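# Notes for the structure review
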Amino acid sequence: MIFMRLFYEFFKTGLFAIGGGLATLPFLYDMSDRLGLFTRQELATMIAVSESTPGPIGVNMATYVGFHSVQNEYGSFLISVLGAFTTTAALVLPSLVIIIIIAKFLAKFGENKFVNGAFYTLRPAVAGLIGAAVLGIYQIAFLTIDSFKKTHNFMDFIDFKSFIIFAVILFLVLKLKKHPIIYIALGAVSGLILAVN
Amino acid sequence: MKDFILLFVSFFKIGILTFGGGLAMLPMLKLEVVEKNKWANEEELMNYYAIGQCTPGIIAVNTATFIGYKQKGVLGAIISTVGIVMPSVIIITVIAAFIRNFMDYEIVQNMLMGVRIAVAALVTSAVIELIRKGVKDFAGIIIFALSFLLSVCFGISPVIIVAAAIFLSVIFVLKEKPKGSN
């Protein structure tokens, strides 16, 4: 049953996604590959929407995946809303319990040497995980692995026009540090231009 | 009752008015929690936020849960959590339902193709930031590379990699010789 499946997957994500922001991304990629509830292309759309709307990105993505996966299965709007509630509740439930326990019993949690020590290994590990998920986004954004497999010509490995747009937007993101919605709009416009050419 | 409504409304507002989550949420949290409602002073808020960062889950949600619990116990924690995620649930549901009706148009498909490129750039910049902040020495580089390769080449579940990193940190802390920390 899809609701149980989604609840289980997002409970797990809420329990193991540490470090905020895009920490849920590797889990969503993993889900997309294993369960087939949504494609990588759809996941990229969800990231774009989640970064351009209010609220924490992780919560936005959980809501989106819940709604989308159930809608794929049943089609009905109301049941899909239930899917959105299921994934969001499952995502926040582990931390709700953990925070209540910490607030009640562990006043000095933040000063614990094991808690602080955990970040020494967790930060690079999470960076590696998200880096791996980013590779998945490259595959649908500007890599053309399928045509490379056919021709074995390295010129067919990358879609150069898309890659140049990627490089320009990345440069702007790193230089200007404006809100993500600006770059997403820029991407949409460049998509239109690419299609005309 | 009034206190619960106030918790819900305040965190609902924080959820709806912050774009991007994470650190972007701090100014709004400060305004609602410290200045308006005096649920905590600035130092306490920063402590809650720090705990939210080093516990599983979404940082902003964790901070809301913490403040809710401190104010009104378990029910307060639940109400604050629901308050901060509710705007996301409503807004995303509406957009998700709406977008689907336009998916089949070619012009939308073309735009989404470009949007994917922008997402690739945004997420790349986030990873660069993470590497800058989190990968600081040789051990960090090794852990980063291992995590990346295990995930890409062998499709190892992120659950296992995160659990392994935590396990490794416990060994590091236990083995650490008493010396001045850096």
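Residues numbered from 1 in each chain as written. Chains lettered and ligands numbered in written order. Predicted model: local features only at pLDDT ≥ 70, side-chain atom pairs only at ≥ 80, totals over all residues. Heavy atoms only, no water.

Right, let's talk about a nonpolar patch on the surface for a bit. Residue and element names in this part refer to chain A. On the surface, Phe7, Phe11, Leu15, Leu93, Val97, Ile101, Phe105 and Leu106 cluster together into a nonpolar patch covering about 670 Å² of accessible area. Listed by contribution, the elements that provide at least two residues to the nonpolar patch are helix H1 (2-16) and helix H5 (77-105). Take the nonpolar patch: its biggest share by element is 4 residues, from H5. By secondary structure assignment, the location of leucine 106 is in the loop between H5 and helix H6 (113-141). Take leucine 106: its relative accessible area is 40%, and that puts it in the partly exposed class. (Patch = residues over 30% accessible without salt bridge, like charges linked within 9 Å, V, L, I, M, F, W, Y side chains within 5 Å. Areas by Shrake-Rupley, 256 points an atom, 1.4 Å probe, with all protein chains shown as cover. Salt bridge = Lys/Arg side-chain N within 4 Å of Asp/Glu carboxyl O. Helix = DSSP H or I, 4+ residues; strand = E, 2+ residues; numbered from the N terminus. Buried < 20%, exposed > 50% of the residue type's maximum accessible area, 1.4 Å probe, protein only.)

For helix H3 (residues 42-53) of chain B, built from 12 residues, the straight-helix expectation of 16 Å at 1.5 Å per residue is met to within 8% by its first-to-last C-alpha distance of 16 Å. Restricting attention to buried positions, one finds in H3 of chain B the residues Leu45, Tyr48, Tyr49, Ile51 and Gly52 of chain B. Seen end-on, H3 of chain B carries its buried residues on one side only, within an arc spanning 160°. Where H3 of chain B is buried, its residues meet H5 of chain A together with helix H2 (26-36) and helix H4 (59-100) of chain B. For H3 of chain B, the N-terminal capping position is held by asparagine 41 of chain B, with its side-chain oxygen 3.1 Å away from the main-chain nitrogen of glutamate 43 of chain B. (Expected span 1.5 Å × (residues − 1). Arc of directions from axis to C-beta. Contact = heavy atoms within 4.5 Å. Polar contact = N/O pair within 3.5 Å; in protein donor to acceptor, adjacent residues only side chain to side chain.)

Here we take up helix H4 (residues 57-74) of chain A. Residue and element names in this part refer to chain A. Taking 1.5 Å per residue as the helical rise, H4 with its 18 residues ought to reach 26 Å, and the 26 Å between its terminal C-alpha atoms agrees with that figure. Counting buried positions over the 18 residues of H4 gives 15, a clear majority of the element. Note on H4: the residue one or two positions beyond its end, glycine 75, has a positive phi of about 85°.

Attention shifts here to the domain arrangement of chain A. We note that the domain assignment places domain 1 (2-136) and domain 2 (142-197) within chain A. One C-alpha centre belongs to domain 1 of chain A, the other to domain 2 of chain A, and the line joining them spans 27 Å. (Domains from an automatic or database assignment.)

Right, let's talk about the nonpolar core for a bit. Side chains of nonpolar character tend, in soluble globular proteins, to be buried together. Ranked by internal contacts, the top residues of the largest apolar core, which has 109 residues, are Phe10 and Leu25 of chain A together with Phe11, Ile84 and Val123 of chain B. If one sorts the elements of this core by residue count, H4 of chain B sits on top with 14 residues. The contacts of valine 123 of chain B, once residues within four sequence positions are left out, are Leu22, Leu25, Ile47, Glu51, Ile130, Val134 and Ile137 of chain A. (Core = buried A, V, L, I, M, F, W, Y, C linked by side-chain atoms within 4.5 Å.)

A few words now on the domain arrangement of chain B. Here the domain parsing of chain B yields domain 1 (2-100) and domain 2 (106-175). The distance between the C-alpha centroids of domain 1 of chain B and domain 2 of chain B comes to 26 Å.

The subject of this paragraph is the pattern of salt bridges. Counted by the stated rule, this structure contains 10 salt bridges over all chains. Close ionic contact of arginine 40 of chain A with aspartate 33 of chain A constitutes a salt bridge, the shortest N to O distance being 3.1 Å. A salt bridge links lysine 36 of chain B to glutamate 32 of chain B; the nearest nitrogen and oxygen atoms lie 3.1 Å apart. Taken together, the residues span about one helical turn, with lysine 36 of chain B and glutamate 32 of chain B both in helix H2 at a distance of 4 residues. Among the charged side chains, a network of salt bridges with common partners joins Arg5, Glu9, Lys12, Asp30 and Arg34 of chain A.

Residue-level contacts link 96 residues of chain A with 88 residues of chain B. Three residues, Pro54, Ile99 and Thr121 of chain A, lead the burial of chain A against chain B; their summed loss comes to 8% of the area buried on that side. Our count for the contact surface shared by chain A and chain B stands at 0 salt bridges. Scanning the region where chain A abuts chain B turns up 14 residue pairs in polar contact (both at pLDDT 80 or more). Those elements that provide at least two residues to the side of chain A that touches chain B are H1, helix H2 (25-35), helix H3 (40-52), H4, H5, H6, helix H8 (160-176) and helix H9 (180-196) of chain A. Per-element accounting of the side of chain A that touches chain B gives the leading share, 24 residues, to H6 of chain A. (Buried area = accessible area lost by both parts, 1.4 Å probe.)

On to the confidence of the model for chain A, then. The predicted model of chain A has a mean per-residue pLDDT of 87, with 97% of residues at 70 or higher. Mean pLDDT across the elements of chain A bottoms out in helix H7 (residues 145-151) of chain A (72) and peaks in H1 of chain A (95). (pLDDT = per-residue confidence, 0-100.)

Residues and elements named next belong to chain B. Even without glycine at this site, lysine 38 takes up a positive phi of about 50°. With respect to the helices and strands, lysine 38 occurs in the loop between H2 and H3. Of the residues examined, lysine 38 reaches a relative accessible area of 64% and is grouped as exposed.

Residues and elements named next belong to chain A. Within the fold, leucine 93 resides in helix H5. With 40 residues separating them in the primary sequence, leucine 93 and alanine 133 have C-alpha atoms 24 Å apart. Ignoring anything within four residues of it in the chain, the contact list for leucine 93 reads Phe7 and Phe11.

What follows concerns the environment of alanine 125 of chain A. Along the polypeptide, alanine 125 of chain A turns up in helix H6. When its relative accessible area of 3% is taken as the criterion, alanine 125 of chain A is described as buried. Discounting residues that sit within four places of it in the chain, alanine 125 of chain A has contacts with Ile143, Ser147, Ile161 and Ala165 of chain B.

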